[in-house]
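# Residue-level structural notes
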Amino acid sequence: MLVSILLWLLVGLLVLALVIVACLVAATLWIAAKAERLVSASGQFVEIDGNRIHYVETGEGRPIVFVHGLGAQLHQFRHTLFSRFGPGYRLIALDRPGSGYSVRARGATGRLPEQAEIVRRFIETLGLERPLVVGHSLGGTVTLTLAVEHPEAISGIALLAPLTHLEAGVREKAGLLYIRSRLWRRIMAYTVAVPTSLRYARQTLEFIFAPQSVPADYMARGGGWLGLRPSHFHATSTDFVAVEEDLGRIEQRYGEIAMPAGIFFGTADRVIDMRIHGEPMKDRIGGLDSETVDGLGHMPQFAEPDRVIAFIKRIAERAFLP
């Protein structure tokens, strides 16, 4: 009798677990569908070594390529900077593999050299003549890797609040993002991660934008909704885990960078500490143009777009000298 009761209890718990998982999967797919309705693909696609890269471009002139940060997408530049930039430049922003509407190749690792090589191949495929590359946050890390490993492909780099050094304690701050197992990462992406991310979206964005406020149109026009999809979470977690594989080696080579370079930081950045990732770079890259803004947080392209554009143009003037 006792065995029978325990067996029925076990079956009941199993059914309950399956119902909960089914509800989480359904919620994830519903949120993802809503995200894609609100922010649709708006650019072109190009195949790069098995990666389907989504990108947008505008203008004519010397090329500038924009590389976004962790968990972000191309709207972080298109929405904030492109319409303000003015003539004389061809502006191209891409979704990094797995982010936005770009699809990462099967078996890809997300490691920094791999991502830098994809950006190099993207530049080559579009026939861009040694562009200036602008990288924000983790996009700045990819940009630095590109400058170290493929300096012949670009003319200069402009870094916005970049991640530049390995930092102790990052895993502990990562929450759901640090998942080493690929299988578990995919399971989380289609069950818990997206509903949880939506539940805490406001708090997360307030932290990222602080001390500035979150723009009212960020989720739609700024592309924020696109982060609430399982593929995007999977790519973000993959990128986060992969950074520690190569950044320690890459940062030892910053002294090799001889091209025009600039770094832009806010003193109030809570996501990436300027004291760790900004100030040491002044002694690592010769002739580095360093601009610091008091009271500015991690999203300068939203809070100070005109100042960011002036900074990028200043680096471009040096990079595009005959």
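This write-up is about the structure you can find in this document. Note that this is a predicted model, so its numbers are computed, not measured.

A cluster of nonpolar residues, L7, L10, V11, V15 and V19, forms a patch on the protein surface that exposes about 440 Å² of accessible area. Within the secondary structure, V19 sits in helix α1 (residues 2–38).

Right, let's talk about the environment of L166 for a bit. Mapped onto the secondary structure, L166 falls in the loop between β6 (156–160) and α5 (170–173). Placed 77 residues apart in sequence, L166 and V243 show a C-alpha to C-alpha distance of 8.4 Å. Once residues lying within four places of it in the same chain are set aside, the contact partners of L166 are E244, L247, G248 and E251.

Turning next to the sheet that holds strand β1 (residues 44–48). Spatially, 8 strands are ordered β1-β2-β4-β3-β5-β6-β7-β8 in an open sheet, and the strand pairing comes out mixed. Looking at strand neighbours, the two that pair on one side only are β1 and β8 (289–293), the edges of this open sheet. Neighbour to neighbour, the strand axes of the sheet diverge by 20 degrees on average, direction disregarded. Sheet analysis places strand β7 (residues 261–266) next to β8, joined by 5 bridges and oriented parallel. Residue pairing for β8: I263 is matched across the bridge by S290. Here helix α3 (residues 112–125) sits on the sheet and contacts β1, β2 (51–58), β3 (61–67), β4 (88–94) and β5 (132–136); the angle it forms with β1, its principal contact strand, is near 115 degrees. Docked against the sheet, helix α4 (residues 138–149) engages β3, β5 and β6, running at close to 145 degrees with respect to β5.

Side-chain direction in a regular strand flips from residue to residue, so the side chains alternate between the two faces of the sheet. Across the 5 residues of β5, 5 count as buried, placing the element largely inside the fold. The pairing of β3 with β5 spans 4 bridges and is parallel. Bridge pairing links V67 to G135 in β5. Looking at chain direction, β5 and β6 are connected through 5 bridges and run parallel. Opposite L132, over in β6, you have G156 as the bridge partner. After leaving β5, the chain enters α4 and then returns to the sheet as β6, a path that is right-handed.

Turning our eyes to something else, we now look at the pattern of salt bridges. The full count for this structure, using the stated rule, is 21 salt bridges. The residue E245 makes a salt bridge to R180 at a minimum N-O spacing of 3.4 Å. Remark: R180 occurs in the loop between α5 and α6 (182–189) and E245 occurs in helix α9 (residues 230–251); sequence separation between them is 65 residues. Here R307 makes a salt bridge to E291, at a shortest N to O gap of 2.9 Å. Here R307 is found in helix α12 (residues 305–319), whereas its partner E291 is found in strand β8, with 16 residues between them in sequence. Where salt bridges share partners, they join R111, E149, D246, R249, R253 and E256 into one cluster.

Okay, the nonpolar core next. Core analysis: the biggest nonpolar cluster contains 43 residues, and I154, I157, Y254 and I257 have the highest contact counts within it. Excluding residues that lie within four positions of it along the chain, I157 makes contacts with L132, V133, T143, L144, A147, I257, M259, P260, A261, G262 and I315. Of all hydrophobic cores here, the second largest spans 26 residues; its members include I64, F66, I315 and A316.

If you walk through the whole model with that rule in mind, you get 10 aromatic pairs. Pairing F66 with F77 gives two aromatic rings, centres 5.1 Å apart and planes at 45 degrees, and the pair type is tilted. A residue pair is termed long-range when its members are at least 10 positions apart, and F66 in strand β3 and F77 in helix α2 (residues 75–78) qualify at 11 residues. A residue is classified by how much of its surface remains accessible, and F77, at 0% relative accessible area, is buried. One aromatic cluster in this structure is built from F66, F77, F82, F85 and Y89. Above the ring of F45, the side-chain terminus of R52 is found at 3.8 Å from the ring centroid.

Of all the residues in helix α8 (residues 201–209), the buried ones are A201, L205 and F209. Buried residues along α8 cover an arc of 50 degrees about the axis, so they all sit on one side.

Conventions we followed
Residues numbered from 1 in each chain as written. Predicted model: local features only at pLDDT ≥ 70, side-chain atom pairs only at ≥ 80, totals over all residues. Heavy atoms only, no water. Patch = residues over 30% accessible without salt bridge, like charges linked within 9 Å, V, L, I, M, F, W, Y side chains within 5 Å. Areas by Shrake-Rupley, 256 points an atom, 1.4 Å probe, with all protein chains shown as cover. Salt bridge = Lys/Arg side-chain N within 4 Å of Asp/Glu carboxyl O. Helix = DSSP H or I, 4+ residues; strand = E, 2+ residues; numbered from the N terminus. Contact = heavy atoms within 4.5 Å. Pairing = 2+ DSSP bridges. Axes fitted to C-alpha atoms, helices over the stretch in contact; angles between N-to-C directions. Buried < 20%, exposed > 50% of the residue type's maximum accessible area, 1.4 Å probe, protein only. Right-handed = clockwise from strand over helix to strand, strands pointing away. Core = buried A, V, L, I, M, F, W, Y, C linked by side-chain atoms within 4.5 Å. Phe/Tyr/Trp six-rings, centres within 6.5 Å; stacked < 30°, edge-to-face > 60°. Lys NZ or Arg CZ within 6 Å of the ring centre and 35° of its normal. Arc of directions from axis to C-beta.

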